[in-house]
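Here is what each chain is made of, one letter per residue.
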Amino acid sequence: MCSEVCQSLVKYSSGTKGSLPLQKLHLVSRSIYHSHHPILKLQRPHFRTSFQQFSSLTNLPLRKLKLSPIKYGYQPRRNFWPARLAARLLKLRYLILGSAVGGGYTAKKTFDQWKDMIPDLSDYKWIVPDIVWEIDEYIDWEKIRKALPDSEDLAKLAPDFDKIVESLSLLKDFFTTGHKLVSEVIEASDLLLLLGSPGETAFRATDPGSESDKRYRKVSDKEKIDQLQEELLHTQLKYQRILERLEKENKELRKLVLQKDDKGIHHRKLKKSLIDMYSEVLDVLSDYDASYNTQDHLPRVVVVGDQSAGKTSVLEMIAQARIFPRGSGEMMTRSPVKVTLSEGPHHVALFKDSSREFDLTKEEDLAALRHEIELRMRKNVKEGCTVSPETISLNVKGPGLQRMVLVDLPGVINTVTSGMAPDTKETIFSISKAYMQNPNAIILCIQDGSVDAERSIVTDLVSQMDPHGRRTIFVLTKVDLAEKNVASPSRIQQIIEGKLFPMKALGYFAVVTGKGNSSESIEAIRDYEEEFFQNSKLLKTSMLKAHQVTTRNLSLAVSDCFWKMVRESVEQQADSFKATRFNLETEWKNNYPRLRELDRNELFEKAKNEILDEVISLSQVTPKHWEEILQQSLWERVSTHVIENIYLPAAQTMNSGTFNTTVDIKLKQWTDKQLPNKAVEVAWETLQEEFSRFMTEPKGKEHDDIFDKLKEAVKEETIKRHKWNDFAEDSLRVIQHNALEDRSISDKQQWDAAIYFMEEALQARLKDTENAIENMVGPDWKKRWLYWKNRTQEQCVHNETKNELEKMLKCNEEHPAYLASDEITTVRKNLESRGVEVDPSLIKDTWHQVYRRHFLKTALNHCNLCRRGFYYYQRHFVDSELECNDVVLFWRIQRMLAITANTLRQQLTNTEVRRLEKNVKEVLEDFAEDSEKKVKLLTGKRVQLAEDLKKVREIQEKLDAFIEALHQEK
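Analysis parameters
Residues numbered from 1 in each chain as written. Predicted model: local features only at pLDDT ≥ 70, side-chain atom pairs only at ≥ 80, totals over all residues. Heavy atoms only, no water. Salt bridge = Lys/Arg side-chain N within 4 Å of Asp/Glu carboxyl O. Helix = DSSP H or I, 4+ residues; strand = E, 2+ residues; numbered from the N terminus. Buried < 20%, exposed > 50% of the residue type's maximum accessible area, 1.4 Å probe, protein only. Phe/Tyr/Trp six-rings, centres within 6.5 Å; stacked < 30°, edge-to-face > 60°. Pairing = 2+ DSSP bridges. Disulfide = S-S within 2.5 Å.

Which parts of the structure should I look at to understand the pattern of salt bridges?
Any two side chains of opposite charge can pair, given that their charged atoms come close. Scanning the entire structure with this criterion turns up 39 salt bridges. Arginine 905 is paired through a salt bridge with glutamate 627; the nearest N and O atoms lie 3.3 Å apart. Of this pair, arginine 905 sits in helix H32 (residues 885–929) while glutamate 627 sits in helix H21 (residues 623–651); the two residues are 278 residues apart in sequence, bridging distant segments of the chain. Overall, the relative accessible area of 15% leaves arginine 905 in the buried class. One connected set of salt bridges, linked through shared partners, spans Arg581, Glu585, Glu597 and Arg953.

Right under this line is the structure:
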């Protein structure tokens, strides 16, 4: 009978709710495991009897224990009630003992697990006031100890284990015939103790009188496996939620610690984080080695994938913010974006070259950040191109972010569509290869799970760069669409296990990045992803492992791999740059031993100071020098107009009244329309000439020709920007008009100066006229004999015509300026009689020069006569045959030139030079911000060598500081 009871007990024993220990994951298998993400590991025991199991996440009510009659072999049924009673007592005590021992064991283990998950807060003891640590001075522990009950009183409350052991021994001796069956009961009980949990019964049994064969059926092996897998999944998700809640609390605590104490009680200067130091090293490297040659082998996480595969979405989930511009089917990532993730008290983003912080918790700041990134991308893309290799550097800080550096690259395309540059595909491939060929770069290969795997382009590219998969992490996106649309779920498993692609990977992950709505928040996407994987068949059927899903697990795994790669390679890179620095310093000493090592920025500052000093020197030019230059330049500009259009027409008049009237009318017209504008042009050109002279003239031994191109560019850009004051012409017009109306020569000195000015002007004009006549008629007999020069046929004709016209002038020295028609005919016939055929137009052209020379010589003779004419001028030439109105005209012109030069000099020194200096400063500031302009203007081996030397020194210093901080963190 006892044997039947024990057999019944084993046959209908049920499963228990268990809290299984968590297994720490490590990088061993084909997937990357993280130590903070445990997963359950269950081994199915080998039972010789079937038992009913249920999920550990359900709370089942206790059932009333009943014994059912069991037939065993050929033994007849015996009514042995002592055995049934002993069995009942055995089961009751065993239940009590199992619950107590199992509950205590589970409680202790749960406490140990929670203790391990609690973060180490020993570094933050300073937050707790000192009074807490000194509390034992104010508490009498002796009184508390005496008030507690003795250990003997507490022992009375515990069950009598000696009696329990004695009862078990008696029962074992009593059932000698059922020894084997009892052993099975004990074995099953030990297993149930390990799976037991406090507060719930661990068994189910039936009464001997119940119909157990109808109510309970045997559970098949398949159903047991499914039930265990479901229980495993629920347990994993349960502890996942617990871990997320603890990390959220830890994040809030770290946020409070990192925030600055407003009360000023515990001020401490926070050191620059490791990831920020590392990011600065990469920024300096990107400036030094933009092509990513073999000198740069520092790790980065390079995010590559086909266009619209979800690269940007994965990166945003890791950064926990929608920071990138988005477009449906459109190429949005047009240049590499380096994102440095670091931990901080506030969720903010800022660019490397800007001090503005974007608050990622505010939608308006997120929109502004996306717009700024788009503008920077379009600015980097040159005209005629679609993508650019120039990198945009962005720092993202926030509580709980994993520290790493990611580079988002343009999506790989298969076909160049309309609107793209023809070389877009090749450019994207070259940019991707430049980043991936770094042997320490971690390749985050993004594959769209909702499209056919055969359409992927990026996997072939990745397999070429990393054929052994030692630094590649494969990420399958849009798994929700893949599970819904893919007919064969095993195809997803083949992708995750790396069996469908030729590429190999260090780890495989599956993620969900939302429902395709760009307005979804990161929290909504995270909740949707968690809900999807909780109900996904891919997990329930073990096609995916728990550590291979969610972007959070991906972020943790990538961060661990990144820092492992950094620790393994950073010291080797530091040694490499030390050797490079030594080589560059040796080259500088041998080539430029007496020069300081000035890089491009330092050279630009030096040139800037020299240019500003030269502009200041421009303001120190004496007023006399300005007026002399202005007066001379203005007369050179207007002399032709004065003589040809004013003096010569007026001199053809018959009397002084008509001469003065003609002069006044022409001077008024000239002043109203042309003269002020000509004067301003002359002043501006004079300022340019003086400015150019100061900028370009050599400075002796101190002159450095390396600045010549920069100074020339600054000069041209300044002149291009500078414009003379618009009000200068109006004020100048009034002054010039008043100066030309004055005819009162006050003394003999002014009269003589006017005559001297007139003679110089007429002699210069006469010299020009004689040169024109010589060019027209050819060399004279002296030059022909001495220099063996001959006249051309046309020059011979002009010479004959000139001689004929000179004869006419000798006959009539007061001939007017124009030839009459009959005179032209007479000259023509006279030439034809000597066998010279001429055209009337040729006669007129020759006459113009011949008469001009005759008139100028006559005017010069008249100047000599007017030297003693100041007395007659004072009497207004009354009762005198001498009239010197032309001298008065040139005096008016000379006085106008002097007054105009004085006025322009005042405008120069008071206004224009200062405005020019201001423009020079603006041009220099613009050039200082334009790195391409500086590279173009400051060139040469010396500049490049100094630039490389400075960059290598900076990289080495930052690497040394980073390595030191890395060792301190260890």
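On we go from here.
What is the right way to look at the packing of aromatic side chains in this model?
Given two aromatic rings, one states the distance between the centres and the angle between the planes to describe the pair. Tallying each qualifying case throughout the model produces 17 aromatic pairs. Here the aromatic rings of tryptophan 563 and phenylalanine 962 are separated by 6.4 Å at their centres, their planes lie at 25 degrees, and the arrangement is stacked. Here tryptophan 563 is found in helix H19 (residues 551–591), whereas its partner phenylalanine 962 is found in helix H34 (residues 941–969), with 399 residues between them in sequence. According to the relative accessible area criterion, tryptophan 563 is buried, its value standing at 4%. Taken together, a centroid distance of 5.6 Å and an interplanar angle of 55 degrees make the contact between tyrosine 647 and phenylalanine 855 tilted. With tyrosine 647 in helix H21 and phenylalanine 855 in helix H30 (residues 840–866), this residue pair connects regions lying 208 residues apart in the sequence. A connected cluster of aromatic rings, assembled from ring pairs, spans Trp635, Tyr647, Phe757, Trp847, Tyr851, Phe855 and Phe890.

Looking at this structure, how should I read the sheet that holds strand E9 (residues 442–448)?
Think of a sheet as strands paired side by side through backbone hydrogen bonds, with each pair either parallel or antiparallel. On the basis of which strands lie adjacent, the open sheet formed by 9 strands has the order E6-E5-E7-E4-E8-E3-E9-E10-E11 and mixed pairing. A strand with exactly one partner marks an edge of an open sheet, and here the two such strands are strand E6 (358–359) and strand E11 (507–510). With 7 bridges connecting them, strand E4 (residues 337–343) and strand E7 (residues 392–398) associate as parallel partners. Bridge pairing links glutamate 343 to glycine 398 in E7.

What is the right way to read the state of the cysteines from this model?
Summed over all chains, the structure comprises 1 disulfide. Sulfur-sulfur distance for the disulfide between cysteine 866 and cysteine 884 comes to 2.0 Å. Here the S-S torsion is close to -100 degrees, and the disulfide linking cysteine 866 with cysteine 884 is therefore left-handed. Highlighted residues: cysteine 866 in helix H30 and cysteine 884 in the loop between helix H31 (870–874) and H32, separated in sequence by 18 residues. Taking relative accessible area as the criterion, cysteine 866 reaches 0% and is therefore assigned buried. Residue cysteine 884 is classed as buried on the basis of its relative accessible area of 0%. In this model cysteine 863 remains outside any disulfide bridge; the closest cysteine sulfur is found in cysteine 866, 6.6 Å from its own. Judged by its relative accessible area of 0%, cysteine 863 falls in the buried class.

Read these as layout, nothing more, since geometry by itself doesn't imply function.
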